[in-house]
Each structure stands twice: as C-alpha cells, then as structure tokens.
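# Results of the structural survey
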Amino acid sequence: MRMRKKPWARPELEACEFFIQKPSEYKGRWKEFFKNDNPIYMELGCGKGTFMAVHGSQNPDINYITVDIKDEVLVLAKRNIESAYEKEGHEVNNVALMSQEILLIDDMLDEKDVIERIYINFCNPWPKERHKKRRLTHTRQLENYKNFLAEDGEIYFKTDDDELFDESIEYFKESGFNIDYITYDLHKSDFVGNVRTEHENMFSEQGIKIKFLIASR
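Fair warning: this is a prediction, and the values are worked out from it, not measured in the lab. (Residues numbered from 1 in each chain as written. Predicted model: local features only at pLDDT ≥ 70, side-chain atom pairs only at ≥ 80, totals over all residues. Heavy atoms only, no water.)

### Structural notes on the layout of surface pockets
In plain terms, the rule: Detection works on a 1 Å grid of protein atoms alone, calling trapped sets that fit a 1.4 Å probe cavities and calling open sets with protein on both sides within 12 Å along at least five of seven lines pockets, with lining residues defined by an atom within 4 Å of a point. Grid points are joined across faces, edges and corners, and a volume is the space filled by probe spheres set on the points. Under the DSSP-based scheme used, a helix requires at least four consecutive residues in state H or I and a strand at least two consecutive residues in state E, with every element numbered from the N terminus. Polar here means any residue outside two lists: the nonpolar Ala, Val, Leu, Ile, Met, Phe, Trp, Tyr, Cys and Pro, and the charged Asp, Glu, Lys and Arg; Gly therefore counts as polar.
Taken as a whole, the largest pocket holds about 1,100 Å³ of empty space. In terms of lining, the largest pocket is formed by 30 residues, of which the most central are G47, D68, V73, F122 and H199. Of all the secondary structure elements, the ones that give two or more residues to the lining of the largest pocket are β2 (40–44), α3 (50–58) and α7 (198–205). Of all the elements, α7 adds the most residues to the lining of the largest pocket, at 3 residues. Partitioning the lining of the largest pocket into residue classes produces 14 nonpolar, 8 polar and 8 charged. Approximately 280 Å³ is the volume attributed to the second largest pocket. Counted by class, the lining of the second largest pocket contains 5 nonpolar, 2 polar and 3 charged residues.

### Remarks on the sheet that holds strand β5 (residues 115–121)
Let me state the cut-off plainly: Two strands pair if DSSP finds at least two bridges between them.
Taking strand neighbours across the sheet as the criterion, the 8 strands line up as β1-β4-β3-β2-β5-β6-β8-β7 in an open arrangement whose pairing is mixed. Whereas interior strands pair on both sides, the edge strands pair on one side only; in this sheet they are β1 (19–20) and β7 (178–183). In this sheet, strand β8 (residues 211–216) lies alongside strand β6 (residues 149–159) in antiparallel orientation, the contact comprising 6 bridges. Counterpart to K158 in the pairing with β8 is F212.

### Looking at the nonpolar core
Across soluble globular proteins, you tend to see nonpolar side chains buried next to one another. Here is the rule we go by: Nonpolar core, defined: a set of buried Ala, Val, Leu, Ile, Met, Phe, Trp, Tyr and Cys residues in which side-chain atoms within 4.5 Å join the residues together. A 1.4 Å probe rolled over the protein chains alone gives each residue an accessible area, and that area as a share of the maximum for its type sets the label: buried under 20%, exposed over 50%, partly exposed in between. Only heavy atoms matter for contacts: two residues are in contact if any of them lie within 4.5 Å across the pair.
Counting residues in each nonpolar core, the largest one holds 34 residues, and the members touching the most others are W30, I65, I118 and Y145. Ignoring any residue separated from it by four or fewer positions in sequence, one finds I118 in contact with M42, L44, Y145, F148, L149, E154, I155 and Y156. Of all hydrophobic cores here, the second largest spans 29 residues; its members include I81, A84, F122 and Y156.

### Let's talk about the packing of aromatic side chains
As a reminder of what qualifies: In this analysis, rings of Phe, Tyr and Trp, with Trp reduced to its six-membered ring, are considered paired at centre separations within 6.5 Å, and the interplanar angle assigns stacked below 30 degrees, edge-to-face beyond 60, and tilted for intermediate values.
A full pass over the atoms with the stated rule returns 18 aromatic pairs. Both rings, one in F122 and one in F203, keep their centres 5.8 Å apart while their planes meet at 35°; by these two values the pair is tilted. With F122 in the loop between β5 and α5 (139–145) and F203 in helix α7, this pair connects stretches of sequence that are 81 residues apart. Owing to a relative accessible area of 12%, F122 belongs among the buried residues under this scheme. Its relative accessible area of 14% is what places F203 among the buried residues. Taken together, a centroid distance of 5.1 Å and an interplanar angle of 85° make the contact between F165 and Y184 edge-to-face. Note that F165 is positioned in helix α6 (residues 162–174) and Y184 in the loop between β7 and α7, a separation of 19 residues in sequence. Relative accessible area serves as the criterion here: at 0%, F165 is assigned to the buried category. These aromatic residues form a ring-pair network of at least three members: Y41, F51, Y64, Y119, Y156, Y181, F191 and F212.

### Examining helix α4 (residues 71–88)
In plain terms, the rule: What a helix is expected to span follows from its residue count: subtract one and scale by 1.5 Å.
Counted at 1.5 Å a residue, the expected span for α4 with its 18 residues is 26 Å, and the 26 Å between its end C-alpha atoms agrees. For α4, the set of buried residues is D71, E72, V73, L74, V75, A77, K78, I81, A84 and Y85. Where α4 is buried, its residues contact α1 (9–14), β1, α3, β3 (63–68) and β4 (95–99).

Printed below as a string of structure tokens:
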C-alpha cells in the first residue's frame with residue numbers, strides 16, 4: 001500500500017538535529033559529524049525506525065547512520081528514535097538519519113568513513129529477473145559497499161523471502177564474503193540480540209520464517 005504524502009514531514013525532519021539534509025556534504029568525514037572515534041554502523045532502509053530506535057538508544061558507544069528515501073517514513077523513524085532515547089534518559093547524539101537513494105550510497109561515503117557493520121533488514125526482494133540488480137544484496141551493491149566497509153566489516157542480512165535469501169548467499173560468495181552465521185528460522189535459532197522490526201512481526205504472525213545471516217569480508 002502506498003503511503004500518503006505528508007506535507008508536514010519535511011519541515012519536521014529539517015527541524016531535527018540528527019536529520020542530515022545533504023548527506024553528500026559529509027562524505028569522507030562522518031567522524032567529524034559524530035565528533036568521536038566510536039565505531040560507525042549503518043542501516044540501509046530504516047523503515048519506521050523500530051530497529052534503530054532500540055539499537056541506537058541501547059548502544060551509546062556506537063555511531064549509527066540510518067537511511068531511507070521517503071520523508072513520510074523517515075519522520076516516523078525520527079519520532080520512534082526520539083521516544084526510545086527519551087525512555088533511556090539521554091539525547092540522540094549517536095544517530096544520523098537521512099534521505100538517500102541506497103543504490104547511490106557511495107555518493108555519501110568513501111574509504112575514509114570506515115563502516116564496521118551494515119544492517120539490511122527486509123529489503124525489497126525485486127523478484128523479476130530484470131530488476132534483480134537493484135537488490136541491496138546483489139553482487140554489484142556488495143562491491144560498492146567494499147569502498148567503505150572495514151576490512152573485517154560485517155553485513156547483517158534479514159529477510160522473509162526465500163528466493164532472495166538463497167540468491168543472496170550466492171551474491172555474498174561471488175563477492176568474496178564469508179558466511180559466518182546462517183539460519184532459516186531466526187526465531188528458533190541460537191542467535192542472541194535480535195531486534196524485531198515491524199515487518200518482522202507482521203511476517204511472523206503470518207507464519208513466515210525469518211531468514212538471517214552474517215557475512216564478513
């Protein structure tokens with residue numbers, strides 16, 4: 001279902017201190033934005049921000065870059081992040097929220113930024129053959145991520161889609177990544193620390209098993 005345009009979303013985002021209006025201006029100098037040398041993690045496709053709200057508020061010694069494209073979604077993420085931080089009793093000072101076309105992510109990052117971990121949660125599966133190169137786990141995208149992913153960096157990938165998961169495993173192998181952890185039923189696995197997203201809960205309620213892997217360079 002298409003989300004209705006909200007004219008108030010952009011002004012609210014622009015008034016937010018952790019919303020970055022021009023991400024490309026920080027290319028090569030994200031540590032300057034965060035004003036520390038803490039590790040930087042990145043989430044590609046934050047949705048309504050459930051995942052980032054939990055991770056960011058509970059890990060103040062890690063910096064997070066979180067990305068989506070639509071203002072109507074980002075404004076909900078902004079509110080969820082603020083709410084989670086308020087409950088933890090501290091300000092949002094380790095999150096950078098922004099609108100960015102993920103397929104052009106290297107417009108805002110380079111080797112100086114050194115991303116330690118990338119989260120890809122429930123991305124568009126692009127099932128048609130002619131569209132598969134748009135997948136965030138496609139070999140072409142994985143090669144782009146290498147431009148800023150640390151030498152020992154990791155990618156955490158989670159999906160409900162069987163075909164996307166199986167084909168992504170091959171993409172990771174083609175790009176020289178190691179599969180360090182894999183499960184076809186995350187909620188019955190031994191993995192500790194999973195944060196459920198709104199999509200994850202929806203798919204689980206439908207009886208769909210959640211697939212998950214960790215790949216490293």
